[in-house]
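Residues per chain are reported as follows:
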Amino acid sequence: MTRTLVKSGTVVSSTGAGPLDVLVDGGQIAALMSPGSTALGADLEAGVDRVIDAAGKYVVPGGVDVHTHMELPFGGTFASDTFETGTRAAAWGGTTTIVDFAVQSKGERIEDGLAAWFAKADGSCAVDYGFHMIVTDVDDQSLAAMDALVADGITSFKLFMAYPGVLYSDDGQILRAMQRAAGNGAMVMMHAENGIAIEVLIEQALERGETDPIHHGLTRPAVLEGEATNRAIRLAEVAGAPLYIVHLSASEALDAVVAARDTGANVFAETCPQYLYLNLEDHLGAPGFEGAAYVCSTPLRSKHEHHHQDLWRGLRTNDLSVVATDHCPFCMKEQKELGLGDFSKIPNGIGGIEHRMDLMYQGVVAREISLVRWVELCATTPARMFGLFPQKGVIAPGADADLVVYDPNRRTRISVETHHMNMDHSAFEAFGIDGGVDLVMSRGRVLIEGGEYLGAPGHGRYVRRGLSQYLL
Ligand code: URP
Ligand code: ZN
Ligand code: ZN
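The model shown is predicted, which means the values in this text are computed figures rather than measured ones. (Residues numbered from 1 in each chain as written. Chains lettered and ligands numbered in written order. Predicted model: local features only at pLDDT ≥ 70, side-chain atom pairs only at ≥ 80, totals over all residues. Heavy atoms only, no water.)

**Let's talk about the site of ligand 1**
- Around ligand 1, a shell composed of 13 residues is seen, among which Lys158, His191, Ser297, Asp326 and Asn348 lie nearest.
- Within the backbone of Ser297, an N or O atom sits 2.7 Å from a nitrogen atom of ligand 1.
- In this structure, a nitrogen atom belonging to ligand 1 sits 3.0 Å away from a main-chain N or O atom of Asn348.
- When isolated, ligand 1 has an accessible area of 260 Å², and the protein chains bury 99% of it.
- Of the residues in the shell around ligand 1, the class split is four nonpolar, seven polar and two charged. (Near = heavy atom within 4 Å. Polar contact = N/O pair within 3.5 Å; in protein donor to acceptor, adjacent residues only side chain to side chain. Areas by Shrake-Rupley, 256 points an atom, 1.4 Å probe, with all protein chains shown as cover. Nonpolar A, V, L, I, M, F, W, Y, C, P; charged D, E, K, R; others polar.)

**A few points about the coordination of the zinc ion (ligand 2)**
- For the zinc ion (ligand 2), the protein coordination sphere consists of Lys158 (NZ), His191 (ND1) and His247 (NE2), at 2.1 to 2.2 Å.
- The sequence pattern describing where the donors of the zinc ion (ligand 2) fall on their chain is K-x32-H-x55-H.
- Between the zinc ion (ligand 2) and the zinc ion (ligand 3) the interatomic distance comes to 4.0 Å. Of the two residues, Lys158 is situated in strand S11 (residues 156-160) and His247 in the loop between strand S13 (243-245) and helix H8 (251-262); the sequence distance between them amounts to 89 residues. A single burial state applies to Lys158 and to His247, both of which are buried. (Donors = N, O, S within 2.8 Å, 3.2 Å for Na, K, Ca; no water. Helix = DSSP H or I, 4+ residues; strand = E, 2+ residues; numbered from the N terminus. Buried < 20%, exposed > 50% of the residue type's maximum accessible area, 1.4 Å probe, protein only.)

**Looking at helix H3 (residues 140-151)**
- Compared with an ideal rise of 1.5 Å per residue, which puts 12 residues at 16 Å, H3 spans 18 Å between its outermost C-alpha atoms and is within 8% of the ideal.
- Contact partners of the buried residues in H3: helix H2 (110-121), strand S10 (128-134), S11 and helix H4 (171-184).
- Just beyond H3, the residue with positive phi is Gly153, at close to 95°. (Expected span 1.5 Å × (residues − 1). Contact = heavy atoms within 4.5 Å.)

**Here we look at the packing of aromatic side chains**
- Enumeration according to the criterion identifies 19 aromatic pairs in this entry.
- With a centroid separation of 5.8 Å and 80° between ring planes, the pair formed by Tyr277 and Trp312 is classed as edge-to-face. On the criterion of sequence distance, the pair formed by Tyr277 in helix H9 (residues 273-277) and Trp312 in helix H11 (residues 307-317) is long-range, its members being 35 residues apart.
- Above the plane of the ring of Phe101 lies Lys158, whose end atom (NZ or CZ) is 5.3 Å from the centre.
- Here the basic side chain of Arg384 rests over the ring of Phe389, its NZ or CZ set 5.7 Å away from the ring centre. (Phe/Tyr/Trp six-rings, centres within 6.5 Å; stacked < 30°, edge-to-face > 60°. Lys NZ or Arg CZ within 6 Å of the ring centre and 35° of its normal.)

**What about the sheet that holds S11?**
- Spatial ordering of the open sheet is given by S6-S9-S10-S11-S12-S13-S14-S15, a layout of eight strands whose pairing is parallel. On the outer flanks of this sheet lie strand S6 (63-68) and strand S15 (322-323), each paired with one strand and no other.
- Taken together, the two bridges between S10 and S11 define a ladder with parallel strand orientation. By the bridge assignment for S11, Met133 is matched with Phe157.
- On top of the sheet, H8 reaches S13 and strand S14 (267-271); it is set at about 150° to S14, its chief contact. (Pairing = 2+ DSSP bridges. Axes fitted to C-alpha atoms, helices over the stretch in contact; angles between N-to-C directions.)

**What about the coordination of the zinc ion (ligand 3)?**
- Looking at the zinc ion (ligand 3), one finds its protein donor set to be His67 (NE2), His69 (NE2) and Asp326 (OD), positioned 2.0 to 2.1 Å from the metal centre.
- Here the zinc ion (ligand 3) is ringed by four donor atoms whose angles at the metal span 87 to 136°, and the overall shape comes out irregular.
- All donor residues of the zinc ion (ligand 3) come from one chain, and their arrangement in sequence is H-x1-H-x256-D.
- For His67, a relative accessible area of 0% corresponds to the buried category.
- The class of Asp326 is buried, set by a relative accessible area of 8%. (Tetrahedral: all angles 85-135°; square planar, octahedral: opposite > 155°, others 65-115°.)

**Some words on the pattern of salt bridges**
- Counted according to the given criterion, the structure contains 27 salt bridges.
- Note that Asp438 is salt-bridged to Lys57, the shortest N-O span being 2.8 Å. Pair noted here: Asp438 is in strand S17 (residues 432-442) and Lys57 is in the loop between strand S4 (50-53) and strand S5 (58-61), with a separation of 381 residues, a long-range link. Note on accessibility: Asp438 and Lys57 belong to one class, buried. (Salt bridge = Lys/Arg side-chain N within 4 Å of Asp/Glu carboxyl O.)

Given below as structure tokens:
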């Protein structure tokens, strides 16, 4: 078994940062030592296969991205990253575990939807992966299947208050699924937008001839995200189930989460980098059809309101506990273009799996969040929230040796020319990044080093998850 010493770096965890050497033995972290410690022998370097010098750099747990959609069928096409290309891009960006959403299509058995996702991922992934399950048909059969999935390590279920006729569940169905989760310990994840009201607004906009991408955002107002978030919280309260709001973008939705958390409810929320950095007017409202690149749901919000500041505040106060990407890439050509002349036909999604660690590190640089909070939001809390901890999300003896050597002194620039996602554009084109990923290790194997990819499809293993560790 290969032994590696990562020496002289500053190890960052969710509880602090300091100089520590990390001994990796095979696929796991074996020890953390103060520099110069002789506890494991006078000359540890001589006894290992490899020494990685991390002087002047941060050593952080590999990122855990709990919201991705590889090959998601949407609007007549499929998200353009496969498990192979998407997890390779994840590795490039310092993410070593993903949790992707398996889908039960309407009329399909949950077990069959899940089997299809296992088949797509098997043998393809560069990094470790788990699954949540999207439930679109709530009936006795699928409710029973939820129990079986929990036993198999799929311990979270996403329901949609949006996308009527496709992924949507009504309040009664949601309540029933929540009641089941209350019984089996699973986490309910909610896409909280009032899809029925949004359908009316879309129809009316199209009747007025408003077809450009910006109308995607204008027909999905923040108040309807706030209303749905509040309704989901009330339904979870009635069911006695925990609730995790995905891709929260609006101050109104955050207000509902804050109010619930202030009562001590098991209500949690994630946001995504696009909601912290991009906006309705400049991005979704870009000239011509360019705004299509930024069509996602929940949508980007207006720069004339205060969503960005509120979301950053929520990240500091832990009312937003997780930053995930909602990685759901579609190329402009032949995919986003499906909505030329009708914004409602633009496939919804933004790709960003490669840039989450970098983009959130900019929050450290800008003093919006601390270094420790960066690690907590991008690795430790997502691992704990979805039953992956302490195998993932922490550099500690016994944990998987998933780590990133991050150089705060690098300066990089995001571009479609250099990214590794299977997309013909980048939503974050030309963003300057202070800092950069130097080296990425997954279960003791170096995946990225010296600007080279050294991983392989099939290295990534399925991770059976436990229950959320935030619940009593
Ligand atoms: O626009 C998005 N978010 N696409 C992916 C599906 C979802 O709702 O998460
Ligand atoms: Zn969603
Ligand atoms: Zn999503």
